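Residue-level structural notes
Take a look at the letters that make up each chain.
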Amino acid sequence: MSLTRSIPLGRILGIPLGLDYSWFLIFALVTWSLAGSYFPAQYPGWSTGLYWAIGLATSLLFFASVVLHELGHSVIALRNGIPVRSITLFIFGGVAQIGREPGSPGVEFRVAIAGPIVSFALAGLFGALGGLGASIAPIAALATYLTYINGSLGLFNLIPGFPLDGGRVFRAIVWRVTHSFRRATEIAGGAGHFFAWLFIFWGVWQMFAGNFVGGLWIAFIGWFLQNAATASVQQMTLERLLTGHTVGEIMTRECPTLAPDVTLEQLVHDHILTTGRRFFPVARAGRVEGLLTLHHVKEIPRDRWATTTVEQAMTPLAQLRRAHPGDSLWNAMQEMTADGVNQLPVTDTANGELAGVLARDNVLTFVRTLAEVGV
Ligand SMILES: [Zn+2]
(Lines give C-alpha, C1' and ligand atoms only; values in the text may rest on other atoms or scores of the structure.)
Protein backbone atom coordinates (compact mmCIF):
# COMPACT_ATOMS: atom_id res chain seq x y z
CA MET A 1 0.00 0.00 0.00
CA SER A 2 1.35 3.42 -0.56
CA LEU A 3 1.07 6.15 2.00
CA THR A 4 2.05 9.43 0.44
CA ARG A 5 0.57 12.24 2.50
CA SER A 6 2.85 11.91 5.50
CA ILE A 7 4.61 14.39 7.75
CA PRO A 8 8.38 13.76 7.91
CA LEU A 9 9.79 13.21 11.42
CA GLY A 10 13.46 12.74 10.54
CA ARG A 11 15.44 9.55 10.11
CA ILE A 12 16.23 6.48 12.22
CA LEU A 13 19.15 4.31 11.02
CA GLY A 14 18.97 6.32 7.80
CA ILE A 15 15.30 5.39 7.22
CA PRO A 16 12.86 8.32 6.84
CA LEU A 17 10.15 8.18 9.53
CA GLY A 18 6.80 9.79 8.77
CA LEU A 19 3.36 10.34 10.26
CA ASP A 20 0.33 9.86 8.04
CA TYR A 21 -2.47 12.33 8.85
CA SER A 22 -4.72 9.42 9.85
CA TRP A 23 -2.30 8.70 12.71
CA PHE A 24 -3.46 11.79 14.64
CA LEU A 25 -6.97 10.33 14.86
CA ILE A 26 -5.80 7.07 16.43
CA PHE A 27 -3.32 8.88 18.69
CA ALA A 28 -6.09 11.17 19.99
CA LEU A 29 -8.47 8.20 20.43
CA VAL A 30 -5.94 6.09 22.36
CA THR A 31 -4.88 8.99 24.62
CA TRP A 32 -8.48 10.00 25.24
CA SER A 33 -9.70 6.48 26.02
CA LEU A 34 -6.73 5.87 28.38
CA ALA A 35 -6.99 9.20 30.22
CA GLY A 36 -10.76 9.53 30.08
CA SER A 37 -11.95 6.02 30.93
CA TYR A 38 -9.43 3.16 31.13
CA PHE A 39 -7.05 4.56 33.80
CA PRO A 40 -9.82 6.21 35.89
CA ALA A 41 -11.65 2.84 35.99
CA GLN A 42 -8.54 0.79 36.81
CA TYR A 43 -6.82 3.26 39.14
CA PRO A 44 -9.44 5.50 40.82
CA GLY A 45 -8.53 8.54 42.91
CA TRP A 46 -5.89 10.31 40.79
CA SER A 47 -6.16 13.94 39.71
CA THR A 48 -7.44 14.65 36.17
CA GLY A 49 -4.04 16.11 35.26
CA LEU A 50 -2.27 12.88 36.27
CA TYR A 51 -4.68 10.75 34.20
CA TRP A 52 -3.92 12.87 31.14
CA ALA A 53 -0.14 12.98 31.77
CA ILE A 54 0.04 9.18 32.13
CA GLY A 55 -2.43 8.71 29.26
CA LEU A 56 -0.28 10.84 26.98
CA ALA A 57 2.98 9.18 28.08
CA THR A 58 1.47 5.70 27.59
CA SER A 59 0.13 6.62 24.18
CA LEU A 60 3.50 8.04 23.04
CA LEU A 61 5.34 4.95 24.30
CA PHE A 62 2.79 2.74 22.53
CA PHE A 63 3.54 4.43 19.21
CA ALA A 64 7.29 4.33 19.95
CA SER A 65 6.79 0.57 20.42
CA VAL A 66 5.11 0.37 17.00
CA VAL A 67 8.12 2.17 15.47
CA LEU A 68 10.49 -0.28 17.22
CA HIS A 69 8.45 -3.20 15.81
CA GLU A 70 8.86 -1.80 12.28
CA LEU A 71 12.54 -1.11 12.95
CA GLY A 72 12.87 -4.80 13.86
CA HIS A 73 11.75 -5.73 10.32
CA SER A 74 13.87 -2.95 8.80
CA VAL A 75 17.14 -3.86 10.52
CA ILE A 76 16.93 -7.47 9.36
CA ALA A 77 15.93 -6.34 5.84
CA LEU A 78 18.89 -3.92 5.63
CA ARG A 79 21.23 -6.56 6.97
CA ASN A 80 20.16 -8.81 4.07
CA GLY A 81 20.75 -6.10 1.49
CA ILE A 82 17.07 -5.18 1.06
CA PRO A 83 16.50 -1.39 1.01
CA VAL A 84 13.89 0.11 3.36
CA ARG A 85 12.28 3.20 1.83
CA SER A 86 10.43 4.55 4.84
CA ILE A 87 8.56 3.82 8.06
CA THR A 88 5.15 5.43 8.34
CA LEU A 89 2.75 5.49 11.27
CA PHE A 90 -0.91 5.52 10.27
CA ILE A 91 -4.34 4.70 11.66
CA PHE A 92 -3.76 0.91 11.88
CA GLY A 93 -0.26 1.12 13.35
CA GLY A 94 2.96 1.21 11.41
CA VAL A 95 4.27 0.10 8.06
CA ALA A 96 7.85 -0.27 6.87
CA GLN A 97 8.06 0.13 3.10
CA ILE A 98 10.48 -2.65 2.23
CA GLY A 99 12.16 -1.94 -1.13
CA ARG A 100 11.66 -5.32 -2.74
CA GLU A 101 10.52 -8.86 -2.06
CA PRO A 102 13.06 -10.97 -0.16
CA GLY A 103 15.16 -13.25 -2.32
CA SER A 104 14.79 -16.46 -0.31
CA PRO A 105 12.37 -18.12 2.14
CA GLY A 106 14.99 -17.83 4.90
CA VAL A 107 15.32 -14.05 4.51
CA GLU A 108 11.55 -13.62 4.27
CA PHE A 109 11.10 -15.64 7.47
CA ARG A 110 13.68 -13.63 9.44
CA VAL A 111 12.46 -10.22 8.23
CA ALA A 112 8.85 -11.15 9.06
CA ILE A 113 9.46 -12.66 12.49
CA ALA A 114 11.71 -9.80 13.68
CA GLY A 115 8.77 -7.42 14.26
CA PRO A 116 6.75 -9.71 16.57
CA ILE A 117 9.98 -10.66 18.41
CA VAL A 118 10.60 -6.96 19.15
CA SER A 119 6.99 -6.59 20.37
CA PHE A 120 7.31 -9.60 22.71
CA ALA A 121 10.67 -8.28 23.98
CA LEU A 122 9.04 -4.91 24.70
CA ALA A 123 6.18 -6.68 26.51
CA GLY A 124 8.81 -8.39 28.66
CA LEU A 125 10.64 -5.13 29.29
CA PHE A 126 7.49 -3.25 30.33
CA GLY A 127 6.47 -6.26 32.43
CA ALA A 128 9.77 -5.98 34.31
CA LEU A 129 9.30 -2.21 34.69
CA GLY A 130 5.82 -2.85 36.11
CA GLY A 131 7.31 -5.29 38.59
CA LEU A 132 10.03 -2.86 39.71
CA GLY A 133 7.66 0.12 39.93
CA ALA A 134 4.71 -1.78 41.40
CA SER A 135 4.53 0.53 44.42
CA ILE A 136 4.20 3.66 42.25
CA ALA A 137 0.69 3.43 40.79
CA PRO A 138 1.17 5.65 37.67
CA ILE A 139 4.31 3.71 36.64
CA ALA A 140 2.52 0.40 37.23
CA ALA A 141 -0.48 1.63 35.19
CA LEU A 142 1.69 2.68 32.25
CA ALA A 143 3.84 -0.45 32.35
CA THR A 144 0.90 -2.86 32.67
CA TYR A 145 -0.91 -1.35 29.72
CA LEU A 146 2.24 -1.36 27.54
CA THR A 147 2.97 -4.99 28.50
CA TYR A 148 -0.53 -5.96 27.42
CA ILE A 149 -0.58 -3.89 24.22
CA ASN A 150 2.86 -5.02 23.00
CA GLY A 151 1.97 -8.63 23.71
CA SER A 152 -1.30 -8.19 21.76
CA LEU A 153 0.55 -6.48 18.92
CA GLY A 154 2.98 -9.40 18.68
CA LEU A 155 0.14 -11.95 18.74
CA PHE A 156 -2.10 -10.07 16.29
CA ASN A 157 0.75 -9.77 13.80
CA LEU A 158 1.40 -13.51 14.01
CA ILE A 159 -2.05 -14.30 12.51
CA PRO A 160 -1.00 -16.37 9.46
CA GLY A 161 -2.76 -14.25 6.82
CA PHE A 162 -0.72 -12.32 4.26
CA PRO A 163 0.34 -9.46 4.40
CA LEU A 164 0.44 -9.65 8.23
CA ASP A 165 3.82 -10.76 9.63
CA GLY A 166 2.42 -14.20 10.41
CA GLY A 167 1.23 -14.44 6.80
CA ARG A 168 4.76 -13.69 5.63
CA VAL A 169 6.15 -16.34 7.99
CA PHE A 170 3.53 -18.72 6.57
CA ARG A 171 4.51 -17.75 3.01
CA ALA A 172 8.18 -18.36 3.77
CA ILE A 173 7.34 -21.86 5.02
CA VAL A 174 5.14 -22.70 1.99
CA TRP A 175 7.85 -21.23 -0.26
CA ARG A 176 10.50 -23.44 1.34
CA VAL A 177 8.26 -26.51 0.93
CA THR A 178 6.93 -25.88 -2.61
CA HIS A 179 9.99 -24.00 -3.98
CA SER A 180 7.48 -21.66 -5.66
CA PHE A 181 7.27 -18.03 -4.58
CA ARG A 182 4.16 -17.55 -6.70
CA ARG A 183 2.33 -20.55 -5.22
CA ALA A 184 3.36 -19.50 -1.69
CA THR A 185 2.05 -15.95 -2.23
CA GLU A 186 -1.26 -17.27 -3.56
CA ILE A 187 -1.74 -19.60 -0.59
CA ALA A 188 -0.68 -17.00 2.01
CA GLY A 189 -2.83 -14.39 0.21
CA GLY A 190 -5.80 -16.79 0.38
CA ALA A 191 -5.23 -17.18 4.13
CA GLY A 192 -5.08 -13.36 4.34
CA HIS A 193 -8.52 -13.11 2.72
CA PHE A 194 -9.88 -15.80 5.06
CA PHE A 195 -8.73 -13.99 8.22
CA ALA A 196 -9.84 -10.62 6.84
CA TRP A 197 -13.39 -11.96 6.33
CA LEU A 198 -13.27 -13.55 9.78
CA PHE A 199 -12.53 -10.09 11.24
CA ILE A 200 -15.31 -8.48 9.19
CA PHE A 201 -17.91 -11.07 10.30
CA TRP A 202 -16.74 -10.98 13.91
CA GLY A 203 -16.86 -7.17 13.89
CA VAL A 204 -20.36 -7.02 12.39
CA TRP A 205 -21.55 -9.67 14.85
CA GLN A 206 -20.13 -7.60 17.74
CA MET A 207 -21.89 -4.50 16.41
CA PHE A 208 -25.26 -6.29 16.45
CA ALA A 209 -24.45 -7.79 19.87
CA GLY A 210 -24.29 -4.27 21.34
CA ASN A 211 -20.55 -3.52 21.15
CA PHE A 212 -21.00 -1.07 18.30
CA VAL A 213 -17.75 0.92 18.43
CA GLY A 214 -15.51 -2.08 19.18
CA GLY A 215 -17.24 -4.14 16.47
CA LEU A 216 -16.97 -1.35 13.93
CA TRP A 217 -13.25 -1.11 14.62
CA ILE A 218 -12.74 -4.88 14.19
CA ALA A 219 -14.72 -4.85 10.93
CA PHE A 220 -12.70 -1.86 9.77
CA ILE A 221 -9.43 -3.74 10.44
CA GLY A 222 -10.83 -6.70 8.48
CA TRP A 223 -11.71 -4.44 5.57
CA PHE A 224 -8.18 -2.98 5.64
CA LEU A 225 -6.61 -6.47 5.69
CA GLN A 226 -8.85 -7.52 2.82
CA ASN A 227 -7.60 -4.64 0.66
CA ALA A 228 -4.00 -5.19 1.71
CA ALA A 229 -4.15 -8.91 0.84
CA THR A 230 -5.57 -8.14 -2.61
CA ALA A 231 -3.02 -5.38 -3.26
CA SER A 232 -0.08 -7.53 -2.14
CA VAL A 233 -1.01 -10.43 -4.39
CA GLN A 234 -1.53 -8.06 -7.36
CA GLN A 235 1.82 -6.43 -6.64
CA MET A 236 3.54 -9.81 -6.58
CA THR A 237 1.92 -10.82 -9.88
CA LEU A 238 3.03 -7.55 -11.46
CA GLU A 239 6.58 -7.90 -10.15
CA ARG A 240 6.75 -11.46 -11.47
CA LEU A 241 5.55 -10.32 -14.92
CA LEU A 242 7.86 -7.31 -15.17
CA THR A 243 11.05 -8.80 -13.73
CA GLY A 244 13.59 -9.47 -16.45
CA HIS A 245 12.15 -6.88 -18.84
CA THR A 246 13.75 -3.51 -19.49
CA VAL A 247 12.46 0.01 -20.03
CA GLY A 248 13.96 0.05 -23.54
CA GLU A 249 11.76 -2.87 -24.64
CA ILE A 250 8.46 -1.04 -24.31
CA MET A 251 9.13 2.73 -24.10
CA THR A 252 7.62 5.00 -26.75
CA ARG A 253 10.47 5.99 -29.06
CA GLU A 254 8.56 8.12 -31.52
CA CYS A 255 7.56 11.15 -29.46
CA PRO A 256 6.53 14.16 -31.52
CA THR A 257 8.20 17.14 -29.85
CA LEU A 258 6.85 20.64 -29.34
CA ALA A 259 8.61 23.93 -30.02
CA PRO A 260 9.09 25.98 -26.81
CA ASP A 261 6.93 28.88 -28.02
CA VAL A 262 3.75 26.87 -28.70
CA THR A 263 0.95 28.20 -26.47
CA LEU A 264 -1.17 25.94 -24.29
CA GLU A 265 -4.21 26.99 -26.35
CA GLN A 266 -2.53 25.68 -29.53
CA LEU A 267 -1.31 22.59 -27.71
CA VAL A 268 -4.77 21.63 -26.49
CA HIS A 269 -6.51 22.20 -29.84
CA ASP A 270 -3.83 21.03 -32.28
CA HIS A 271 -2.20 18.20 -30.32
CA ILE A 272 -4.00 16.94 -27.23
CA LEU A 273 -7.58 16.87 -28.56
CA THR A 274 -6.60 15.50 -31.97
CA THR A 275 -4.11 12.84 -30.87
CA GLY A 276 -5.15 11.98 -27.32
CA ARG A 277 -1.49 12.17 -26.23
CA ARG A 278 -0.94 13.06 -22.61
CA PHE A 279 2.76 14.01 -22.61
CA PHE A 280 5.03 15.95 -24.95
CA PRO A 281 8.80 16.47 -24.92
CA VAL A 282 9.61 20.15 -25.52
CA ALA A 283 12.65 20.58 -27.80
CA ARG A 284 14.69 23.52 -28.99
CA ALA A 285 16.86 22.94 -32.09
CA GLY A 286 16.51 19.18 -31.79
CA ARG A 287 17.49 19.04 -28.13
CA VAL A 288 14.85 18.09 -25.55
CA GLU A 289 14.67 20.59 -22.68
CA GLY A 290 11.61 19.51 -20.75
CA LEU A 291 8.48 17.43 -20.52
CA LEU A 292 4.93 18.77 -20.61
CA THR A 293 2.04 16.63 -19.43
CA LEU A 294 -1.71 17.02 -19.29
CA HIS A 295 -1.24 17.63 -15.58
CA HIS A 296 0.80 20.81 -16.29
CA VAL A 297 -1.96 22.11 -18.58
CA LYS A 298 -4.63 21.53 -15.92
CA GLU A 299 -2.60 23.54 -13.39
CA ILE A 300 -2.80 26.71 -15.52
CA PRO A 301 -6.16 28.57 -15.43
CA ARG A 302 -8.01 28.38 -18.74
CA ASP A 303 -7.99 32.12 -19.39
CA ARG A 304 -4.17 32.08 -19.43
CA TRP A 305 -3.79 29.29 -22.02
CA ALA A 306 -3.52 31.73 -24.92
CA THR A 307 -0.64 33.63 -23.32
CA THR A 308 1.28 30.77 -21.64
CA THR A 309 3.87 28.87 -23.68
CA VAL A 310 4.71 25.20 -23.20
CA GLU A 311 8.21 26.27 -22.10
CA GLN A 312 6.68 28.22 -19.19
CA ALA A 313 4.44 25.35 -18.13
CA MET A 314 6.79 22.36 -18.59
CA THR A 315 9.10 20.73 -16.05
CA PRO A 316 12.75 21.07 -17.21
CA LEU A 317 14.39 17.73 -18.01
CA ALA A 318 17.08 18.33 -15.38
CA GLN A 319 14.44 18.42 -12.62
CA LEU A 320 12.81 15.15 -13.65
CA ARG A 321 13.69 11.70 -12.47
CA ARG A 322 14.86 9.82 -15.54
CA ALA A 323 15.17 6.22 -16.55
CA HIS A 324 17.66 4.58 -18.90
CA PRO A 325 16.77 2.06 -21.61
CA GLY A 326 18.56 -0.76 -19.74
CA ASP A 327 16.78 -0.17 -16.41
CA SER A 328 14.51 -2.85 -15.01
CA LEU A 329 10.88 -2.24 -15.88
CA TRP A 330 9.80 -3.23 -12.39
CA ASN A 331 12.09 -0.61 -10.78
CA ALA A 332 10.91 2.08 -13.20
CA MET A 333 7.28 1.24 -12.37
CA GLN A 334 8.08 1.44 -8.62
CA GLU A 335 9.66 4.87 -9.14
CA MET A 336 6.63 6.18 -11.02
CA THR A 337 4.38 4.97 -8.21
CA ALA A 338 6.61 6.46 -5.49
CA ASP A 339 6.70 9.85 -7.27
CA GLY A 340 3.02 9.76 -8.26
CA VAL A 341 3.80 10.38 -11.97
CA ASN A 342 2.40 8.69 -15.06
CA GLN A 343 5.51 8.83 -17.25
CA LEU A 344 9.28 8.87 -17.03
CA PRO A 345 11.58 10.40 -19.65
CA VAL A 346 14.12 7.82 -20.77
CA THR A 347 17.54 9.25 -21.59
CA ASP A 348 20.39 7.60 -23.41
CA THR A 349 23.07 6.42 -21.01
CA ALA A 350 25.90 7.61 -23.29
CA ASN A 351 24.91 11.14 -24.36
CA GLY A 352 22.08 12.05 -21.98
CA GLU A 353 19.66 12.73 -24.84
CA LEU A 354 16.04 11.72 -24.78
CA ALA A 355 15.66 8.20 -26.16
CA GLY A 356 11.95 7.84 -25.43
CA VAL A 357 9.27 8.10 -22.79
CA LEU A 358 7.98 5.31 -20.57
CA ALA A 359 4.31 5.83 -19.72
CA ARG A 360 2.26 3.86 -17.23
CA ASP A 361 -0.04 3.01 -20.16
CA ASN A 362 2.90 1.31 -21.92
CA VAL A 363 3.40 -0.91 -18.88
CA LEU A 364 -0.31 -1.75 -18.54
CA THR A 365 -0.59 -2.66 -22.24
CA PHE A 366 2.56 -4.77 -21.91
CA VAL A 367 1.20 -6.59 -18.86
CA ARG A 368 -2.14 -7.25 -20.59
CA THR A 369 -0.33 -8.62 -23.64
CA LEU A 370 1.94 -10.83 -21.51
CA ALA A 371 -1.12 -12.19 -19.70
CA GLU A 372 -2.94 -12.88 -22.99
CA VAL A 373 0.04 -14.59 -24.58
CA GLY A 374 0.43 -16.49 -21.34
CA VAL A 375 4.18 -16.15 -20.82
ZN1 LIG B 1 5.27 -6.36 11.65
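Under the domain assignment, the protein is made up of domain 1 (6-242) and domain 2 (247-373). The C-alpha centroid of domain 2 is placed 39 Å from the C-alpha centroid of domain 1. Listed by partner, the interface residues are four residues for domain 1 and five residues for domain 2. Residues of the side of domain 1 that touches domain 2, tallied by class, amount to three nonpolar, no polar and one charged.

Note that strand S3 (residues 84-90) and strand S4 (residues 93-98) share six bridges and pair antiparallel. Directly across from Leu 89, in S4, lies its bridge partner Gly 94. The antiparallel hairpin formed by S3 and S4 contains two residues in its connecting segment.

Closest axis-to-axis distance for the helix H3 (residues 105-132)/helix H4 (residues 137-157) pair is 8 Å, and the angle between their directions is 160°. Compared by their axis directions, H3 and H4 come out roughly antiparallel. Here H3 and H4 pass one another in a crossing that is left-handed. Contacts between H3 and H4 involve Gly 115, Pro 116, Ser 119, Phe 120, Leu 122, Ala 123, Phe 126, Gly 127, Leu 129 and Gly 130 from the former and Ala 140, Ala 143, Thr 144, Leu 146, Thr 147, Asn 150, Gly 151, Leu 153, Gly 154 and Asn 157 from the latter. Looking at the contact of H3 with H4 residue by residue, the class counts come to 10 nonpolar, 10 polar and no charged.

Here is what the cut-offs are and how they apply
- Residues numbered from 1 in each chain as written.
- Predicted model: local features only at pLDDT ≥ 70, side-chain atom pairs only at ≥ 80, totals over all residues.
- Domains from an automatic or database assignment.
- Contact = placed C-beta atoms within 7 Å.
- Nonpolar A, V, L, I, M, F, W, Y, C, P; charged D, E, K, R; others polar.
- Pairing = 2+ DSSP bridges.
- Helix = DSSP H or I, 4+ residues; strand = E, 2+ residues; numbered from the N terminus.
- Axes fitted to C-alpha atoms, helices over the stretch in contact; angles between N-to-C directions.
- Parallel < 35°, antiparallel > 145°, perpendicular 65-115°, else oblique.
- Left-handed = near helix turned anticlockwise from the far one by under 90°.

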